[in-house]
Amino acid sequence: MNDTQNLIENRPPSVAPLFIERVAATPDAEAYRYPVPPASGRGPDDWRSLTWGQAGERVYAVAAGLIELGVEPEERVALACSTRIEWILADLGVMCAGAATTTVYPSTNVDESAFILADSESRVLIAEDAAQLAKARERREELPRLSHVVVIDTSGVEPDELDPEGWVLSLADLEARGAAYLTEHPEAVKERVTAITSGQLATLIYTSGTTGRPKGVRLTHDSWAYMAKATVATGLIDKDDVQYLWLPLAHVFGKMLTSGQIEVGHVTAVDGRVDKIIENLPVVRPTYMAAVPRIFEKVYNGVAGKARAGGAAQYRIFKWAAQVARESARVSQDNFRRTGTASLPLALAAQHKVADALVYTKLREAFGGRLRAAVSGSASLAPDIGYFFSGAGINILEGYGLTESSAASFVNPGDAYRTGTVGKPLPGTEVRIADDGEIMLRGPGIMSGYHGLPEKTAEVLESDGWFHTGDIGELSPDGYLKITDRKKDLIKTSGGKYIAPAEVEGQFKAVCPFVSNILVHGADRNFCTALISLDEPSILNWAAEHGLSGKSYAQVVASPQTQRLIDGYVQRLNEGLQRWQTIKKFRLLPRDLDIEHGELTPSLKLKRPVVEREYKGLIEEMYAGSREA
């Protein structure tokens, strides 16, 4: 048995003992950093730290507080909160109490929040603030199992509503009750941890499905213990790393990142405010971070927009440097694949050196100057954008997984990564491609099933452990996986041609620096069309330079100038497509797609049925008069 196999096969039953070991081994080492906004509301945040020992004290207090409230092993404690230090401490507290965390996005509406709390039979809700408390209070009569709501930020809660012994209490109250309980029962938490079994429910994550009620994905303690060991076994993280964690922790991808950190003991800076990412990066100076493709697309569009605003000469330099970056990345990755060395021809190396001084250095500084790698997941990244960042010295390692597989099933390996693929399977994960191209997975990360839905479970999980992902992909001879599309999202035109819309959409995002979201439509039609929303800051900056200053976003996208601008990019896209893939017509949307209108999931994935239903009139308009329409 090699070291990797030994590391994974001899894993503990849960991450909980790993956390206890980490606290005991390095109590004085820094574990977490988190921002505290200035009291005045102006100026930079004050970043503070927690050592592993300090984190341990708070986690044990939360765990003991839950035990004192009567929470039993595997009972659910819901967590409705954005990404912040308290989310991590609360989640670890739930785990060390032997209970199971039900994750709830803070953006979830009242109806769906109530459904999740009721379906999961959650005993306690840990709510971020008064807004999350209000959702539970509004549906309290429908939630007879919900015995307590613990509020993290009580600033908006009426003082007479808070009662350390009542239905609503603060997180500080919970920790105080837990600390008092530990003085009388000092071994209570360790006893709960010792009793945890590998098959015990640890996390219940509700998929944000595109239609119908979400399904609760049951992930066991073993899933997270496996993730902790397997992610470290990839060699992508070590004890000296600084991770910047902003992803939603209610999402399986964010949750996974906390497990590997505990195994190696590196520092994690936690701040889920997306609007603070650009500001935080030079402060945190991460060595690695994880993100979704939309973030890299926004950074790319922002850099291109700044260059354009700098004048024609500066924009020409940027476009030249971007092309050099892409060519350098393609050549170096190809050379590494063939020879094991990421070398460049002399002429290209010389161009790259000049471009690095003019463009790439500034880009790396914007990420803090130390970013060794960025892991991208949740959706596909346009290869041209991946090649751009790679050539600029920021390696974006695409990975792949689902909520049902505890987030990570594949990841690109360090220096041997290949843009356009999601890499190789994590050690201990098996993969096969079904006859119809569907990706099948088996391994310790796979869910035990959907909560209370045995029929739905049987549809995707076979008796021998193989899980149907619903994604279509290809495996290279040496084990790299390429995702081509969602099985259910493949478009079949009326002419019988199959089209992967995500592939076309990704290519357009690499071609057009103004795009925010695009949906390609064409199922049972005789040609493809597209609904396109634009990145508001980028297009408004362009508009100001082209006689449209002072116009609203909706007015700008409706203007003939903007229509001609985007049409030019659509034609450029079409030049690289097969005839049946080309976009014959498009419509610019009057606003961007967003989570609030239900068009994007909290992890920024497009909800195709929702968008197609909402803009059915625009779609029909594009097909009006065609023989097939």
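For the structure, see preceding data.
Residues numbered from 1 in each chain as written. Predicted model: local features only at pLDDT ≥ 70, side-chain atom pairs only at ≥ 80, totals over all residues. Heavy atoms only, no water.

Caption draft 1: Seen up close, the environment of Asn541. Considering the arrangement of structural elements, one finds Asn541 in helix H18 (residues 536-544). Residues Asn541 and Arg308 lie 233 residues apart in sequence; the distance between their C-alpha atoms is 9.3 Å. (Helix = DSSP H or I, 4+ residues; strand = E, 2+ residues; numbered from the N terminus.)

Caption draft 2: Structural detail: the packing of helix H2 (residues 15-25) against helix H10 (residues 252-264). Viewed as axis vectors pointing N to C, H2 and H10 meet at an angle of 40°, and their least axial separation amounts to 8 Å. In terms of orientation, H2 and H10 fall into the oblique class. Taken as a pair, H2 and H10 cross one another with a handedness that is left-handed. Contact residues: H2 offers Val15, Leu18, Phe19 and Arg22, while H10 offers Ser259, Ile262, Glu263 and Val264. Within the contact of H2 with H10, the residues separate by chemical class into five nonpolar, one polar and two charged. (Axes fitted to C-alpha atoms, helices over the stretch in contact; angles between N-to-C directions. Parallel < 35°, antiparallel > 145°, perpendicular 65-115°, else oblique. Left-handed = near helix turned anticlockwise from the far one by under 90°. Contact = heavy atoms within 4.5 Å. Nonpolar A, V, L, I, M, F, W, Y, C, P; charged D, E, K, R; others polar.)

Caption draft 3: Representation of the pairing of strand E14 (residues 395-400) in the model. Extensive coverage of E14 is indicated by the burial of five of its six residues. Pairing analysis gives four bridges linking strand E13 (residues 373-376) to E14, with the strands arranged parallel. Pairing of Val375 across the sheet is with Leu397, part of E14. Alignment of E14 against strand E15 (residues 410-411), held across two bridges, turns out to be antiparallel. When the sheet's bridge partners are listed, Gly399 is paired in E15 with Val411. (Buried < 20%, exposed > 50% of the residue type's maximum accessible area, 1.4 Å probe, protein only. Pairing = 2+ DSSP bridges.)

Caption draft 4: Layout of empty space enclosed by the protein. For the structure shown, the criterion picks out four cavities of 30 Å³ or more. In this structure, the largest cavity spans a volume of roughly 70 Å³. Lining the largest cavity, in full, are Ser14, Val15, Asp91, Val94, Met95, Ala99, Thr101, Ala202, Thr203, His221, Trp224 and Lys255. Within the residue set of the lining of the largest cavity, elements represented by two or more residues are helix H4 (85-96), strand E8 (201-206) and helix H9 (221-233). Broken down by element, the lining of the largest cavity gets its largest block of residues, three residues, from H4. By residue class, the composition of the lining of the largest cavity is six nonpolar, four polar and two charged. Looking at the second largest cavity, its volume works out to about 60 Å³. (1 Å grid on protein atoms, 1.4 Å probe; cavity = no way out; pocket = protein on both sides within 12 Å on 5 of 7 lines; lining within 4 Å. Points joined across faces, edges and corners; volume = space filled by probe spheres on them.)

Caption draft 5: Spotlight on the nonpolar core. Tyr32 and Phe389 are the most contacted members of the largest nonpolar core, which has 128 residues in total. Those residues in contact with Tyr32 that sit more than four places away from it in its chain are Arg48, Ser49, Leu50, Trp52, Ala55, Ile85, Ile88, Leu92, Gln261, Thr268 and Val270. One finds Trp542, Val570, Leu573 and Leu588 within the second-largest nonpolar core, a separate group that totals 30 residues. (Core = buried A, V, L, I, M, F, W, Y, C linked by side-chain atoms within 4.5 Å.)

Caption draft 6: Broad picture of the packing of H2 against helix H3 (residues 52-68). Contact pair H2 / H3: the axes reach a minimum separation of 8 Å and the direction vectors enclose 140°. Classified by the angle their axes make, H2 and H3 are oblique. Our pair here, H2 against H3, has a crossing hand that is left-handed. Counted together, Phe19, Ile20, Arg22 and Val23 of H2 and Trp52, Gly53, Ala55, Gly56, Val59 and Tyr60 of H3 form the full contact between these two elements. Split into classes, the residues belonging to the contact of H2 with H3 amount to seven nonpolar, two polar and one charged.

Caption draft 7: Quick look at the sheet that holds strand E25 (residues 528-534). Ordered in space as E24-E25-E26, the three strands form an open sheet in which the pairing is mixed. Of all strands in the sheet, those bounded by a partner on one side alone are strand E24 (515-521) and strand E26 (583-588). Neighbour-to-neighbour, the strand axes of the sheet open up by a mean angle of 25°, direction not taken into account. Taken together, the six bridges between E24 and E25 define a ladder with antiparallel strand orientation. The residue bridging Leu519 from the neighbouring strand is Leu531, located in E25. Contacting E24, E25 and E26, helix H17 (residues 501-511) runs over the sheet at an angle of about 150° to E24.

Caption draft 8: Fine view of a nonpolar patch on the surface. On the surface, Ile317, Trp320, Val354 and Leu358 cluster together to form a nonpolar patch covering roughly 330 Å² of accessible area. Elements with a contribution of two residues or more to the nonpolar patch: helix H13 (312-339) and helix H14 (346-366). Examined against the element boundaries, Val354 turns out to sit in helix H14. (Patch = residues over 30% accessible without salt bridge, like charges linked within 9 Å, V, L, I, M, F, W, Y side chains within 5 Å. Areas by Shrake-Rupley, 256 points an atom, 1.4 Å probe, with all protein chains shown as cover. Salt bridge = Lys/Arg side-chain N within 4 Å of Asp/Glu carboxyl O.)

Caption draft 9: Here's a closer look at the pairing of strand E5 (residues 124-127). Side-chain alternation along E5 places Val124 and Ile126 on one buried face and Leu125 and Ala127 on a second face that is also buried. Relative to E5, strand E3 (residues 76-80) runs parallel, the two being bridged by four bridges. In the strand pairing of E5, Leu79 is matched with Ile126. Strand direction decides the pairing type here: E5 and strand E6 (residues 148-151), joined by four bridges, are parallel. Bridging across to E6, Leu125 finds its partner in Val149.

Caption draft 10: Region of interest: the pattern of salt bridges. Under the criterion given, the structure shown has 36 salt bridges. Bridged by salt links that share partners, the residues Arg591, Asp594, Glu599 and Glu614 form one connected network.

Caption draft 11: Spotlight on unusual backbone geometry. Even without being glycine, Arg285 reaches a positive phi, approximately 50°. Within the secondary structure, Arg285 is located in the loop between helix H11 (277-284) and strand E12 (288-291). Even without being glycine, Asp524 reaches a positive phi, approximately 60°. Tracing the backbone through its elements, the reader meets Asp524 in the loop between E24 and E25.

Caption draft 12: Structural detail: H18. Of the positions making up H18, those classed as buried are Ser538, Ile539, Trp542 and Ala543. End-on view of H18: buried residues confined to an arc of 135°, all on one side of the axis. (Arc of directions from axis to C-beta.)

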